[in-house]
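Residues per chain are reported as follows:
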Amino acid sequence: MGSAASPWGGNTPATAASSEIRGVWLTSNDMDVMLDRTQLIDAFSQLASLNFNTVYPMVWNSGYVLFPSTTAQKEEIQPFIRRGLQDYDVLEEVTTQAHNHGLLVMPWFEFGFMTPPTSELATNHPDWITQRQDGRQTWVGAAGEVAWLNPFKPEVQQFLLNLVAEVLNQYDVDGIQFDDHISLPVEFGYDRYTRTLYHQETGKTAPSNFRDPAWMKWRADKLTAFVGRLKQTVEAKKPGAILSIAPNPYDVAYSSYLQDWVTWVQRNLVDEIVIQIYRHEMPAFLAQLDRPEVKATRQKIPTGVGVLTGLRTTPVPISFIQQKVQAARSRGLGVSFFYYESLWETTAESPADRLLG
């Protein structure tokens, strides 16, 4: 697309040594870029010229992985291996092209504990699926109707840890990322296994009120323990690799998803936080930037905010994106854009106007 002004403002060269997060997510909507080497080369050349320093390519989505996985083969959950149009390993090529331009690569396990209810993973392992109090096993969100793997079952935890270990063993990546789906909606956890475990450990019956403080804390603490195992796996497989988490703002993360990421930061279980602050009005966005837990996290580890650059049905003007970037950077916060394609496309503005905005 040619030369363009940096969306960051000022001279901030892309470098792995920088602690400021200047990233972008490569989602399932960006598969055409990741699956064509020519487009991929052009994409990373452009990102480097615009002073980005990190990419988060999706590798775990809808019950499938983007790389050859013995774990997936063993569980018989994936009858195919996705390859690039020029017959290449997609994650290897993404990593090579990113490193050629000095960008960090953090494979993104987007679905976390989620899986579609019709996926091979769900149908092969019905005992891995948790449920609501009324027995329903599905939940509707941005990804559509999904089921939730029980994050408290050892075999579920080991499954995800094995996927992470494979990525770190097979690829020269700089870390890995999970997001708001390394969690559990607060309504869930009423399967027999979890209720029995809760009774064994507390002597109490799981309360009908899914927001009961003790019941919430017990489940949140179990998730925290899993993140500790995740951190140990990352360190063991690749010392120095980054464990990045992209949660919702804390009030929503804990109260709705039992995701106690403030404790994760306090206990040194994560190395980077990118908070998804997808607010449609600046006052609400600024209020989240100034939250005390955001300020405290910024003092401890590299911290950024997720900025929505648009969805296919909801474009975001480049001027609004710039306001958010400037507000975040003025507070010492990095930024990651969701997502690559919507930086330049799916908007009434031309790609040239978006680039030069």
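Residues numbered from 1 in each chain as written. Predicted model: local features only at pLDDT ≥ 70, side-chain atom pairs only at ≥ 80, totals over all residues. Heavy atoms only, no water.

The helix and strand inventory of the protein stands at 15 helices and 15 strands. At 20 Å, the protein has a C-alpha radius of gyration in line with the 21 Å of a compact globule built from 357 residues. With respect to the three principal axes, the spread of C-alpha positions in the protein is 65 × 45 × 40 Å. Going through the 357 residues of the protein one by one, you find that 55% of them count as buried. Of all intrachain contacts in the protein linking residues separated by at least 6 positions in sequence, the fraction that spans at least 24 positions is 78%. Roughly 14400 Å² of accessible area belongs to the protein as shown, and the carbon and sulfur atoms make up 50% of that amount. When the 30 basic and 39 acidic side-chain charges of the protein are each reduced to a single mean position, those positions are 8 Å apart. (Helix = DSSP H or I, 4+ residues; strand = E, 2+ residues; numbered from the N terminus. Rg over C-alpha atoms; globule rule 2.2 N^0.38 Å. Buried < 20%, exposed > 50% of the residue type's maximum accessible area, 1.4 Å probe, protein only. Contact = heavy atoms within 4.5 Å. Areas by Shrake-Rupley, 256 points an atom, 1.4 Å probe, with all protein chains shown as cover. Lys, Arg positive; Asp, Glu negative; His and termini not counted. Charge placed at Lys NZ, Arg CZ, Asp CG, Glu CD.)

This paragraph deals with the sheet that holds strand β6 (residues 114–115). Read from one edge of the open sheet, 3 strands run β6-β8-β7, paired in antiparallel fashion. A strand with exactly one partner marks an edge of an open sheet, and here the two such strands are β6 and β7 (138–141). For β6 and strand β8 (residues 144–148), the ladder comprises 2 bridges, and the chain directions are antiparallel. Along β8, the bridge assignment pairs M114 with W148. (Pairing = 2+ DSSP bridges.)

This paragraph deals with unusual backbone geometry. The general pattern is negative phi for most residues beyond glycine and trans for most peptide bonds. The linkage connecting F338 with the following residue, Y339, adopts the cis geometry, with an omega of 15°. Considering the arrangement of structural elements, one finds Y339 in the loop between β15 (334–338) and α14 (340–344). Positive phi outside glycine occurs at D87, with the angle close to 60°. Checked against the element boundaries, D87 lands in the loop between α3 (70–75) and α4 (90–100). Overall, D87 belongs to the exposed group, its relative accessible area being 53%. Positive phi is not limited to glycine here, since L258 has a value of about 60°. Mapped onto the fold, L258 is located in the loop between α9 (250–257) and α10 (261–266).

Moving on, we get to the sheet that holds strand β5 (residues 104–105). The pairing of strands in a sheet happens through backbone hydrogen bonds and is either parallel or antiparallel. Pairing is parallel across the open sheet formed by 8 strands, whose spatial order is β5-β2-β1-β15-β12-β11-β10-β9. Only two strands of the sheet have a single partner each, and these edge strands are β5 and β9 (175–179). Both strand β2 (residues 54–57) and β5 contribute to a ladder of 2 bridges, which runs parallel. Across the sheet, the residue bridging to T54 is L104, located in β5.

Space inside the largest pocket adds up to approximately 770 Å³. Lining the largest pocket are 28 residues, and of these A142, A143, Q276, Y278 and F338 lie nearest its centre. For the lining of the largest pocket, the secondary-structure elements that each account for two or more residues are β7 and α9. Classifying every residue of the lining of the largest pocket gives 15 nonpolar, 9 polar and 4 charged. (1 Å grid on protein atoms, 1.4 Å probe; cavity = no way out; pocket = protein on both sides within 12 Å on 5 of 7 lines; lining within 4 Å. Points joined across faces, edges and corners; volume = space filled by probe spheres on them. Nonpolar A, V, L, I, M, F, W, Y, C, P; charged D, E, K, R; others polar.)

What follows covers the pairing of strand β10 (residues 242–246). β10 sits mainly inside the fold: 4 of its 5 residues count as buried. Of the strand pairs in this sheet, β9 and β10 are connected by 5 bridges, and their pairing is parallel. Opposite F178, over in β10, you have I245 as the bridge partner. Here β10 pairs with strand β11 (residues 272–276) via 2 bridges, running parallel. Bridge assignment links I245 to a residue of β11, and that residue is I273.

Looking now at the pattern of salt bridges. One pass over the full model with this rule turns up 14 salt bridges. E20 is the partner of R22 in a salt bridge, and the nearest nitrogen-oxygen pair spans 2.9 Å. Across the pair E93 and R37 runs a salt bridge, and its minimum N-O distance is 2.9 Å. Of this pair, E93 sits in helix α4 while R37 sits in helix α2 (residues 37–49), and the two are 56 residues apart along the sequence. Taken together, the shared-partner salt bridges in this structure form one network comprising E20, R22 and R329. (Salt bridge = Lys/Arg side-chain N within 4 Å of Asp/Glu carboxyl O.)

A few words on helix α6 (residues 154–170). When the terminal C-alpha atoms of α6 are compared, their 24 Å separation across 17 residues agrees well with the 24 Å that a helix rising 1.5 Å per residue should span. Within α6 the residues assigned to the buried category are V156, Q157, F159, L160, L161, L163, V164, A165, E166, V167 and L168. (Expected span 1.5 Å × (residues − 1).)

Looking now at helix α7 (residues 192–202). Among the residues of α7, those classed as buried are T194, L197 and Y198. The buried residues of α7 occupy an angular sector of 100° when projected down its axis, which confines them to one face. More than 90 degrees from the buried face of α7, the exposed residues found are R192 and Q200. Close packing links the buried residues of α7 with α8 (213–237). (Arc of directions from axis to C-beta.)

The quantities given are spatial measurements derived from coordinates; they are silent on function.
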